[in-house]
Number of protein chains: 6
Amino acid sequence: MRILVANVNTTTSMTDAIAQQARAVANPGTEIIPITPAFGAESIEGNYESYVAAVAVMETIRAYDGEFDAIIQAGYGEHGREGLQELFDVPVVDITEAAAATALFVGHRYSVVTTLDRAVPMIEDRLKLAGLSDRLASVHASGLAVLELERDPEAAIQAIVTKALHAVEVDRAEAICLGCGGMAGLTSRVVAQTGVPVIDGVSAAVKLAEGLVAQNLSTSKARMFSQPREKRFVNWPPAL
Amino acid sequence: MRILVANVNTTTSMTDAIAQQARAVANPGTEIIPITPAFGAESIEGNYESYVAAVAVMETIRAYDGEFDAIIQAGYGEHGREGLQELFDVPVVDITEAAAATALFVGHRYSVVTTLDRAVPMIEDRLKLAGLSDRLASVHASGLAVLELERDPEAAIQAIVTKALHAVEVDRAEAICLGCGGMAGLTSRVVAQTGVPVIDGVSAAVKLAEGLVAQNLSTSKARMFSQPREKRFVNWPPAL
Amino acid sequence: MRILVANVNTTTSMTDAIAQQARAVANPGTEIIPITPAFGAESIEGNYESYVAAVAVMETIRAYDGEFDAIIQAGYGEHGREGLQELFDVPVVDITEAAAATALFVGHRYSVVTTLDRAVPMIEDRLKLAGLSDRLASVHASGLAVLELERDPEAAIQAIVTKALHAVEVDRAEAICLGCGGMAGLTSRVVAQTGVPVIDGVSAAVKLAEGLVAQNLSTSKARMFSQPREKRFVNWPPAL
Amino acid sequence: MRILVANVNTTTSMTDAIAQQARAVANPGTEIIPITPAFGAESIEGNYESYVAAVAVMETIRAYDGEFDAIIQAGYGEHGREGLQELFDVPVVDITEAAAATALFVGHRYSVVTTLDRAVPMIEDRLKLAGLSDRLASVHASGLAVLELERDPEAAIQAIVTKALHAVEVDRAEAICLGCGGMAGLTSRVVAQTGVPVIDGVSAAVKLAEGLVAQNLSTSKARMFSQPREKRFVNWPPAL
Amino acid sequence: MRILVANVNTTTSMTDAIAQQARAVANPGTEIIPITPAFGAESIEGNYESYVAAVAVMETIRAYDGEFDAIIQAGYGEHGREGLQELFDVPVVDITEAAAATALFVGHRYSVVTTLDRAVPMIEDRLKLAGLSDRLASVHASGLAVLELERDPEAAIQAIVTKALHAVEVDRAEAICLGCGGMAGLTSRVVAQTGVPVIDGVSAAVKLAEGLVAQNLSTSKARMFSQPREKRFVNWPPAL
Amino acid sequence: MRILVANVNTTTSMTDAIAQQARAVANPGTEIIPITPAFGAESIEGNYESYVAAVAVMETIRAYDGEFDAIIQAGYGEHGREGLQELFDVPVVDITEAAAATALFVGHRYSVVTTLDRAVPMIEDRLKLAGLSDRLASVHASGLAVLELERDPEAAIQAIVTKALHAVEVDRAEAICLGCGGMAGLTSRVVAQTGVPVIDGVSAAVKLAEGLVAQNLSTSKARMFSQPREKRFVNWPPAL
């Protein structure tokens, strides 16, 4: 089985980290194929960048010359998943939704701890649209930007743990989703300090994608995600 | 007051029709500045095209060399409004949301009649996110594609009226939103055959945008729509 | 265009203040016609008074001998809007709903800052019924009664700003509605101290009403707001 | 125990019928005191009449010279209950809400069958505000006006049964509320033809009111329903 | 009228206390028949025990050799009510739901104060399923286990009052439900210290059950609660 | 990895069929251990039987003498999952929820096709509590009892396909969950006749359970599912 794991930003070290995490949980027969978008921003921390990332991931995968069985969109709270579902027949798994769906099976309510305050409503909106927010207790920002996570993992862990404990004790969450593709390596540390299940979106997405493929499930083409209609484009796609 | 009215597709005759409708309802002192995106599809009828349109509208307006007081995104059920709100301080009004907010003031429940079946869940999702779906009775597809509206307006009117009457009688809608930027000219005909208020999104958006500007309101920069952070982009934006 | 702007209480200085605010944002061709109800309480701060105000506004406008194109009900969180919509064909705009609908276009979530604690659930109920509460972050009471606003505007501003800042920082509102017809003049002061868009309901209602009239929209008579049926009344209406 | 049972219209034969039904289910020690409003319409079939009825019931009970332990507002889908709760300390039970709360205990979902189409959204709104609409399957109109029920009970029963069966079979209701104070006597006939529990609002309200009094419960004065504040009224209340 | 009042645990002193409270509010003609389950745990403080209690109550009542007109399940937040409704035709009233439905008639929002933290989500879930959580302000745990209530009533009252005051002042509840069958005797003390209506579930359930019987209402057999189908059981029921 | 797959009824041929389906999708290293409850009904088609099944599954697994890494509860719309989560630390996956969570990843909305009409509200309730009903389009009954599925699979397929097509075309579902543990073998036939993804709950649960174990996730013991407290039981558990 071959799974495309698409980073949403153009920082290849983050693509590498995501791929490493994906491989760590993948089944023996699963090949993880990392994708870095051919254009876009070095990190995605807002709607403008996220919309650019959405089309960048779509075009980069359209231009990908190889076979694959599933796509993982490895950005937290980002736009674009519906477009991938239209363009391709294989299952598309967004890590925001994968983490949330996984959390529902291990706790009564869950919270998300993400990077910056401005990402909070974006994540809330994605979970609302995905139909996964009914048992969402809260979304909290650690205050650390995406690229700071790599630079100072200790500070990141402490900031995340502080918010996670607040979520468990005050908001009554029973499981925590780490709300950034770049937080993948921090899971065990946060478990140790909070005592509740901690879900990494990339790991959750890999297992869900493998499961969908094993069940021979592909994206429904009944209506919302039916193949795009034939039409003329002007100045698009850009040369990659 | 200068209002940018952005068509979401690259068909200039549709840009013209939208601008004409906008001017028909605008105040005397309002200048309507039509925008056709510099890249993208000839019509938007799905998520892939809509995401491309979202960034196309953003980049085209970023490249626009002139002053303006508000932006109207004249696509029904399309992605991208949040990105425009981040990039610019002036109010941004999406016609899907403008029509719905207007409908709330003239009827107890409202329905939307749009083009193709695949647009139905897209419109539902946008209204849900906008917090405007609580009194939404239904969204129906007339079955006519965007560009067919221009070609055979009579057939379009009949298809729309049929669905609108069903919405009023069965779904208990009390007002109808015409769910496509290209349906602007059809309002009075549908009113005549249904007897309920019929809202055209472009008109609704123009009046709302004028009202926001008159109240000196601009997009909140408190959190979700704060200015994008400084960062490096790779291969972006495309040369326009 | 002639717009009736109905104060809900019998304090004419408040009618004057509301009319002044309405005129300040109205288009040049709009005539603002202030209405003071012919009976009722000097200020409306509870359900009993609000129900009396509801029928007082209805009867006063029924007795009004002149033409008009729209009605604004200038009370915050008050009963009665549906009755006006039944009695008249012209659009009826409630300032509670006008402020909320306007707030949706300038921020992701909004809060209301009103007068007394007892008004909080009344406003929540009106917004819930209006289908506008999905992105409502919170309703807060400043603790000042309606008529105190006129007496000590400085104290009012400080009390409002304190609650507004709490709404922005803790409840994550991105825009603030001032929840009392008598708070109209305070908008710019609250903007200066909070940095977020602040919406005055009277202003919002004027622009919405003008917009509805410009679009030739009137109240749907399909069901909920159809003309009252012919019937006998006992001892009603009172002589005005 | 003395319970005021307030008809909302001025038709005394309907007051009598309501009182008769109330007495039929009341405990031996319960005295039913019928109230006909001192002003208002002969039947309530819309918002205007309902708002007038709301204040008429309030003023009539304020003017009532006697002791009482509870108030029943015997109109279906009408305005005004919150005002009564403010004015008086004793429990106030609205028959719309009483029927719905009762239905929840005998079926998984319930429907309401009412008189005219225009009453449907009014009832839906009241149940939504009351927090009792989560398991509401549907509200249907029989098409018969309030006063027609008295004139042709056989036709009324057939029209109600038709809608009730639709509610059970199509909308999956498991219990039916008869949505008009004047339908009280029809319960057993509708049970016989539908096979599901049928709730009459007046009966439900009497038993709930008796229960509240027996538990020494009175209306909370914590916030929403605290006693009206002292203030001056102009031309109000009318001489009764 | 004969009402079975089923304790959910096997502690007979608690059965006695519940029966005493039931009798204190019952009508003169009502016979309260206490039921202690034939198997199960001494107190119910979690899902495992609650599921055992659910079937224990069902089997104990199935084995009960006598006539009865209604069943009260006197556990707070427990499983099993739907099973009783299937097995028997008489009305079944759960005290969690009875308290909530009663609270809706005396305050705009209500809170529940229960025993242990782990009971909070159980109660929330039951109220959600019952369609009674729309105006639920909060559920709080006093921190006292079920059997501690008997041992130290003074401590219990203080812990409950502290949480009740928080519910009223911070969560804006206007009425309080005591969330444990064993809290029945504490009502007046909590009223005295909070000033808001306090509802005991057992009392509320008795009055609701009496009311349902008086209205000749029984459980709908239309669908969800239709009589169990004939089938073979293995090793069940246990010998009691 | 060892996964207990618990049938909820006592029909061992159904346990065998479930185990066969589970093994068909399990990873090579996964051992499927089928469990038939030690007591209970031959098929579960209602709340009474379901509650008995809930405790039967709990007690049977408590008595199971072996190690295991996850539990699957293979009944559709049944009670009891929360009890298993309390009793054990390993992940517990209910097939109703597994199918729904899986459906969310392959279609915009999903429907469930189950056996009897009486199961419909049970499934709706479970999905509501699980926080997975926001994108649920409908639940339909094929009209076939659980044990009839084995006897006449062709009739079952036709009945299921008829309802599935209705769900896709009228309710706008884009994916279908087969709502009975005994429908596992029918998936490909229903796909062939509907053209949309069809999810079997047992398969979905196996892949989710494997994924949870691979991520080292176990049930949160923070609150709702914390280990049962020590306490005395009377006449329980039964000798197995």
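In this report, the structure presented in the accompanying data block is examined. Remember, it's a predicted structure, so these values are computed and weren't measured experimentally.

A short note on the overall build of chain A
Here is step 1: Across its full length, chain A holds nine helices and ten strands.
Here is step 2: On the principal axes, the C-alpha backbone points of chain A span a range of 55 × 35 × 35 Å.
Here is step 3: Expressed as a percentage of the 240 residues in chain A, the buried residues total 72%.
Here is step 4: When contacts within chain A are restricted to residue pairs at least 6 apart in sequence, those whose partners lie at least 24 apart make up 72%.
Here is step 5: Just so you have it, chain A exposes about 7100 Å², and 47% of that area is on carbon and sulfur atoms.
Here is step 6: Of the charged side chains in chain A, 19 are positive and 29 negative; the average position of the first set lies 6 Å away from that of the second.

Brief notes about the pattern of salt bridges
Here is step 1: Counting across every chain of the model gives 84 salt bridges over all chains.
Here is step 2: Between Asp89(A) and Lys221(A) there is a salt bridge, and its shortest N-O distance comes to 3.7 Å. With Asp89(A) in the loop between α3 (81-87) and β5 (92-94) and Lys221(A) in the loop between α9 (201-214) and β10 (233-234), the pair connects residues that are 132 residues apart, well separated along the chain.
Here is step 3: Ionic pairing is found between Arg172(E) and Glu124(C), a salt bridge with its closest N-O pair at 2.4 Å.

Things to note about the relation of the copies chain B and chain F
Here is step 1: For these two chains of identical sequence, chain B goes onto chain F by a turn of 120° and a shift of 0.0 Å along the axis, with RMSD 0.0 Å. Classification of the inter-copy transformation places it as that of a three-fold axis.

With respect to the interface of chain B and chain F
Here is step 1: Across the boundary between the two partners, chain B contributes five residues, which contact four residues of chain F.
Here is step 2: Roughly 400 Å² of surface becomes buried between chain B and chain F when both sides are summed, with 34% attributable to carbon and sulfur atoms.
Here is step 3: Summed over the three residues of chain B that lose the most area to chain F, namely Pro121(B), Glu124(B) and Lys128(B), the buried surface amounts to 68% of that side.
Here is step 4: Counting across the interface, chain B meets chain F through two salt bridges.
Here is step 5: A salt bridge links Asp134(F) to Lys128(B); its shortest N-O distance comes to 2.7 Å.
Here is step 6: Counting across the interface, chain B meets chain F through three residue pairs in polar contact (both at pLDDT 80 or more).
Here is step 7: Residues of the side of chain B that touches chain F, tallied by class, amount to two nonpolar, no polar and three charged.

Brief notes about the interface of chain B and chain A
Here is step 1: Of the residues lining the interface, 49 residues belong to chain B; the matching set on chain A comes to 49 residues.
Here is step 2: Of the roughly 4600 Å² buried where chain B meets chain A, counting both sides, 55% is carbon and sulfur surface.
Here is step 3: For chain B, the biggest contributors to the area lost against chain A are Tyr48(B), Tyr51(B) and Arg118(B); these three give 19% of the whole.
Here is step 4: Linking chain B with chain A are twelve salt bridges.
Here is step 5: At the boundary of chain B with chain A, the tally comes to 35 residue pairs in polar contact (both at pLDDT 80 or more).
Here is step 6: Contributing elements (two or more residues each) for the side of chain B that touches chain A: β3 (40-41), α2 (47-62), α3 (81-87), α5 (119-129) and β10 (233-234) of chain B.
Here is step 7: Of the residues forming the side of chain B that touches chain A, the biggest block, ten residues, is contributed by α2(B).
Here is step 8: By residue class, the composition of the side of chain B that touches chain A is 21 nonpolar, eleven polar and 17 charged.
Here is step 9: By the bridge criterion, two bridges tie β10(A) to β3(B) in an arrangement that is antiparallel. From the neighbouring strand, Phe233(A) faces β3(B), where its bridge partner is Ala41(B).

What counts and what doesn't
Residues numbered from 1 in each chain as written. Chains lettered and ligands numbered in written order. Predicted model: local features only at pLDDT ≥ 70, side-chain atom pairs only at ≥ 80, totals over all residues. Heavy atoms only, no water. Helix = DSSP H or I, 4+ residues; strand = E, 2+ residues; numbered from the N terminus. Buried < 20%, exposed > 50% of the residue type's maximum accessible area, 1.4 Å probe, protein only. Contact = heavy atoms within 4.5 Å. Areas by Shrake-Rupley, 256 points an atom, 1.4 Å probe, with all protein chains shown as cover. Lys, Arg positive; Asp, Glu negative; His and termini not counted. Charge placed at Lys NZ, Arg CZ, Asp CG, Glu CD. Salt bridge = Lys/Arg side-chain N within 4 Å of Asp/Glu carboxyl O. Least-squares fit on C-alpha atoms with pLDDT ≥ 70 in both. Buried area = accessible area lost by both parts, 1.4 Å probe. Polar contact = N/O pair within 3.5 Å; in protein donor to acceptor, adjacent residues only side chain to side chain. Nonpolar A, V, L, I, M, F, W, Y, C, P; charged D, E, K, R; others polar. Pairing = 2+ DSSP bridges.

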